[in-house]
Amino acid sequence: MELLCIQSQEHPQLPLAELKAVMECEDIIADIEVITEGLVILKNISQDNLNDYYEILTRRLGYTHEIHELIKKSDIDKFDEDLSSINWSDYIDETFAVRVKRFHSEIDTVGTERKAGSLILENCDNIKVNLTKPKSLVRIVAFENDFFVAIERIKLNKKHFEDSKPHKRPFFYPGSMSPKLARCMVNLSRVKEGQLVLDPFCGTGGILIEAGLIGCKVVGSDIYWKMKNGTSINLDYYGITDYRTFNLDVRELKMYEKVDSVVTDPPYGISTSTGDIEGDEIFKEFFHAIYDNMKDDAYLCMASPHYVDLEPMVAEVGFEIVEQYGIKMHRSLTRIISVICKKSD
């Protein structure tokens, strides 16, 4: 069995890195075939695991837009024949629509949708086309001269990432991270449902919202009471109940239990959330403060500006940088997303 993943092309590396991280922490056993940027197939999935894997991936992923069960691979010469050979009664429930997406292909999208719809109707009884609210969605992906025919079993909640943008939350403060990136960073930290996530610079709570929505317990702290209080307001708004928030300096942080992961966006620049610390010192103090609050082999995922060299700082404390990704913000700033592991003693 195979799953077809259509990913965001907002970043060349993060969508695939996020997918691999979720597969690792959720013990998803499958081979990854990258067809092209934005199009990935998960292969050799056992029938027994398909539904569970499908549910986990649709619930967790931020930079993957669609996931479908792959029915058949075809090409431009055999497309009609292959589409007609499928037993569509196994896949379509009363009404359906066909949607075509192209990757490096010159096919006529609308024409292909109409042709596919007609072929399906000819080979399946008691079904109708419904283009507005179909019960079943047939997704056809064209890549060069190849076609991938798939069915949507579980819909990703893409609307969430639009509805939860920072300015749409009850408590808003400029400079907050986008929900998609926050979700991706939570996933890069390899945390699982029921585990404990800490953000010691929680700001308006964007990272904690995304962690809470995938079923994690969350803890946030901030040196400013306004931010700590605003985080609580936002978490309540999104129905997240298993959380704690604290108003304190990260250097004073002593957790009641060691956390499974840390996901955070430390402040940098002229204004920082540690008041009396400037420049690179905030990162040095942060690494020392956080180390003893994390379980062995736990992951830290954090953002930092490109001009801060984290390597010597993490090595001094006992961390190890596992992977890094750059996001260009503007001409003078690139944000670095680092995945860092606490090494076992």
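Since we're looking at a predicted model, the values are computed, not measured. (Residues numbered from 1 in each chain as written. Predicted model: local features only at pLDDT ≥ 70, side-chain atom pairs only at ≥ 80, totals over all residues. Heavy atoms only, no water.)

**Q** Help me out: how do you make sense of the overall build of the chain in this one?
**A** Within the chain one finds 10 helices and 15 strands. Over its C-alpha atoms the chain spans a radius of gyration of 23 Å, differing by no more than 12% from the 20 Å that the globule rule assigns to 345 residues. Taken along its principal axes, the extent of the C-alpha atoms in the chain is 70 × 40 × 35 Å. About 16100 Å² of surface is accessible on the chain, with carbon and sulfur atoms providing 45% of the total. When the 41 basic and 57 acidic side-chain charges of the chain are each reduced to a single mean position, those positions are 5 Å apart. (Helix = DSSP H or I, 4+ residues; strand = E, 2+ residues; numbered from the N terminus. Rg over C-alpha atoms; globule rule 2.2 N^0.38 Å. Areas by Shrake-Rupley, 256 points an atom, 1.4 Å probe, with all protein chains shown as cover. Lys, Arg positive; Asp, Glu negative; His and termini not counted. Charge placed at Lys NZ, Arg CZ, Asp CG, Glu CD.)

**Q** Before we go on, may I ask you to explain the sheet that holds strand β14 (residues 319-330) in this structure?
**A** Within a beta sheet, neighbouring strands are joined by backbone hydrogen bonds and run either parallel or antiparallel to one another. Spatial strand order, β11-β10-β9-β12-β13-β15-β14: seven strands in an open sheet with mixed pairing. With partners counted over all chains shown, the strands left at the sheet margins are β11 (243-247) and β14, one partner each. Pairwise comparison of adjacent strand axes, ignoring direction, gives a mean angle of 15 degrees for this sheet. In terms of strand pairing, strand β9 (residues 196-199) meets strand β12 (residues 259-264) through two bridges, oriented parallel. Within β12, the position partnered with Val 197 by the bridge is Ser 261. Packed on one face of the sheet, helix α7 (residues 206-213) meets β9, β10 (217-222) and β12 and runs near 170 degrees to β10. Its contacts with the sheet put helix α8 (residues 225-237) on β10 and β11, and the angle it makes with β11 is roughly 165 degrees. (Pairing = 2+ DSSP bridges. Axes fitted to C-alpha atoms, helices over the stretch in contact; angles between N-to-C directions. Contact = heavy atoms within 4.5 Å.)

**Q** Is there a simple way to explain the environment of Lys 228 in this structure?
**A** Along the chain, the position of Lys 228 falls in helix α8. Through-space distance from the C-alpha of Lys 228 to that of Phe 246 is 6.3 Å; in sequence the pair is 18 residues apart. Discounting residues that sit within four places of it in the chain, Lys 228 has contacts with Asp 222, Thr 245, Phe 246 and Asn 247.

**Q** In this structure, what is going on with the pattern of salt bridges? I would like to understand it.
**A** Should the charged atoms of two oppositely charged side chains come close, the side chains can pair. By the definition in use, this model includes 22 salt bridges. Across the pair Glu 33 and Lys 43 runs a salt bridge whose closest N-O atoms are separated by 3.1 Å. Of this pair, Glu 33 sits in strand β2 (residues 31-36) while Lys 43 sits in strand β3 (residues 39-43); the two residues are 10 residues apart in sequence, bridging distant segments of the chain. Overall, Glu 33 belongs to the partly exposed group, its relative accessible area being 28%. One salt bridge connects Lys 342 with Asp 296, and the closest N-O pair in it is separated by 3.7 Å. Note that Lys 342 is positioned in strand β15 (residues 333-342) and Asp 296 in strand β13 (residues 294-305), a separation of 46 residues in sequence. Taking the relative accessible area as the measure of exposure, Asp 296 reaches 41% and is therefore partly exposed. Via salt bridges that share partners, Glu 24, Arg 190 and Glu 323 belong to a single interconnected network. (Salt bridge = Lys/Arg side-chain N within 4 Å of Asp/Glu carboxyl O. Buried < 20%, exposed > 50% of the residue type's maximum accessible area, 1.4 Å probe, protein only.)

By themselves, these observations are geometric and do not establish any function.
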